[in-house]
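Structural features, examined
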Amino acid sequence: MPENKFLKDAQLVPSKLKLEGDSIRFTVKGSIPIESVLTPRNPKVTLSYHAEGNLIEFGEIDLNRNVAEYEYEKDFSLKYEPWMAGATLELFFFQGKKENQPAFEKQVLAKGVIAPQLMVKLGEVYPDEPIPVVGLFITSGALDREIVRNEEFVFQFDPSSSTYKSSAVNATTLKRMDAFLEANPDVQEFKITGIQSPESAEGKANTLGRDRAVALKQLFGSRVNSLSASRLKLSSRSNDWFDLRLLLREYKGISTNRKEELYAILMNEESYLEQSERLKKVPGYSQVAQDLYPKLRVAKVEIISKPRAGLDMQQSIKLKEALSRTDGTNALSLAEWALAAEATQSLEEKAAIYSKMTEFFRSPMPYNNMAVVRMRQAQRTLDPGSKDVLWEEALRLLTQANRIESNPHTLHNQGQILALMGDYWEAYKKLSDASTMTQNPDFLQHNEALRGALDILRGDYKLATLRFNYRFTDPKDYFNKGLAYYMVADYANANIAFEESVIQGRDFGYGFYGLAMIAAAAGQKEVALIQLKKAISANRQLSERAFQDPLFEELRTSPEFFTELAIN
């Protein structure tokens, strides 16, 4: 193609294709010069949108002639389809009388579509990623043994000291922690993070935080000695503003404008010392330091755990007898059957128990829980046909559970399946109904998180941010929270959510990708490259997206993009 002369003024408005709702809307406009030497003969302009195996021909765009040029402008709207993520929008210029002649010029107007909202996680399974847990069991008692519990405990230290302080506050915290472990003895993760305040009284040694974490581990003794290395984790933070940003969220001692000024400094990717000097110049920061710095002389303990369920030996014998008999004999209560199902990790054993329970009890529990088993089996099959069959069976079981007694768990599970099937509106209605039926915080955490994910897909980003006002253990929920804030350009809260996603699961990768999006939006190319590299190293599924995402179009003009992100 020769250098463009007739299409050099072609414009796309907006300059990059962007998904809004379920559609892409844009305008193509420009002018074609009329000059004595370059006068076009029978000029024609056409537009096409194509990717491998897919093509949309928009046809000819009308040209309006005036004295010096032909002008054209046309609005377009098309429903988004997945293939458009990597498609190219091209404008073609023809001249002459031949019908089948090749284009005289062409202009690439856009590649790909800006659609970060489509990264939202609904529970789908992707290759090389952990299988998400979907569905909520109805459990045997007041404690929901299916839902993992996450609790944080903060222990205070004296300035520059790593010696455990036997204060009333720490004693109360230790008592709360012991009560939590007694109620939830099945520890999944026990993480101790030592933190060091920026104040001069803490000294300059970067090992203070680590020493505090070790001191707590020694204090806890038998509470943690039986935990494997994969479950007991020690870490520390120093020369890092992450914990201060968390404290600032709830701090009321300064105005909102001052708080946003502080956030801007804490996120500007300058060095720790440079940020420290900038913070000191913000009016009112001395009060912030006075109030919040002492709260950073701590070690945090984060425990992810759940209650232990199961039957004693005599109950187990009765269960085995009931499962093998066909005469309808049963010596166990509904709660005992439920405990037995909760105690086993095998989906097949759960299915056998819940199936037998339907013979003995008219209750929504076995039907709902059998449906959850089918949902999780569907997560583990790669065959689309088998997956659909399992989903359909699960929906039938949930319908039966709802006939017996309407309950929030059944509605949530129906909503989860419909969301996985792509029926987002019907899913949303089910989840909305479920949220009105209970005040259980564990249930609402899961239900509202899925509701918020659907809000993002529906384009109601502000509402979505309100759904995630919970402490999560799953990095996908924090990533979804970050997406919601990102879509309303609240980059401070988006950054915090993406960081928390990284903390909950570095191998997930999406938290790093979110941090790269924020850095790219701020024009911080080096930071964006660093975060993208971390994202792809953690999750290779993000590589293809990074290489076609219009959010990183400017980054792709530099050779560093391809060398830094090269796949080994």
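Our subject in this report is the structure included herewith.

Conventions adopted
- Residues numbered from 1 in each chain as written.
- Predicted model: local features only at pLDDT ≥ 70, side-chain atom pairs only at ≥ 80, totals over all residues.
- Heavy atoms only, no water.
- Phe/Tyr/Trp six-rings, centres within 6.5 Å; stacked < 30°, edge-to-face > 60°.
- Buried < 20%, exposed > 50% of the residue type's maximum accessible area, 1.4 Å probe, protein only.
- Lys NZ or Arg CZ within 6 Å of the ring centre and 35° of its normal.
- Helix = DSSP H or I, 4+ residues; strand = E, 2+ residues; numbered from the N terminus.
- Salt bridge = Lys/Arg side-chain N within 4 Å of Asp/Glu carboxyl O.
- Pairing = 2+ DSSP bridges.
- Axes fitted to C-alpha atoms, helices over the stretch in contact; angles between N-to-C directions.

1. Regarding the packing of aromatic side chains
Applying the stated criterion to the full structure yields 29 aromatic pairs. Aromatic side chains Tyr 285 and Tyr 293 sit 6.3 Å apart centroid to centroid with 75 degrees between the ring planes, which places their arrangement in the edge-to-face category. A relative accessible area of 11% places Tyr 293 in the buried class. Among the aromatic residues, ring-to-ring pairing joins Phe 155, Tyr 164, Phe 190 and Phe 220 into one connected group. The ring of Phe 94 has Lys 44 sitting right over it, with the charged end atom 5.2 Å from the ring centre. One residue, Arg 458, lies across the ring of Tyr 428, its end atom 4.2 Å from the ring centre.

2. A short note on the environment of Glu 182
Summarising the element assignment, Glu 182 is placed in helix α1 (residues 168-183). For Glu 182 and Pro 307, which are 125 residues apart along the polypeptide, the C-alpha to C-alpha distance reads 8.5 Å.

3. Topic: the pattern of salt bridges
In the structure shown here, the tally under the stated rule is 25 salt bridges. A salt bridge links Lys 79 to Asp 22; the nearest nitrogen and oxygen atoms lie 3.0 Å apart. Highlighted residues: Lys 79 in strand β7 (residues 69-79) and Asp 22 in the loop between β2 (19-20) and β3 (23-33), separated in sequence by 57 residues. When its relative accessible area of 55% is taken as the criterion, Lys 79 is described as exposed. Between Glu 270 and Arg 278 there is a salt bridge, with the nearest N and O atoms lying 2.7 Å from each other. Take Arg 278: its relative accessible area is 42%, and that puts it in the partly exposed class. Taken together, the shared-partner salt bridges connect Glu 448, Arg 451, Asp 455, Arg 458 and Arg 467 into one network.

4. Focus on the sheet that holds strand β8 (residues 88-94)
Pairing in this open sheet of four strands is antiparallel, and the strands run β5-β4-β8-β9 from one edge to the other. Looking at the sheet topology across the chains shown, the edges are occupied by β5 (54-61) and β9 (105-111). Taking each pair of neighbouring strands and ignoring which way they run, the sheet shows an average axis angle of 20 degrees. As paired elements, strand β4 (residues 44-51) and β8 share seven bridges and run antiparallel to each other. When the sheet's bridge partners are listed, Thr 46 is paired in β8 with Phe 92.

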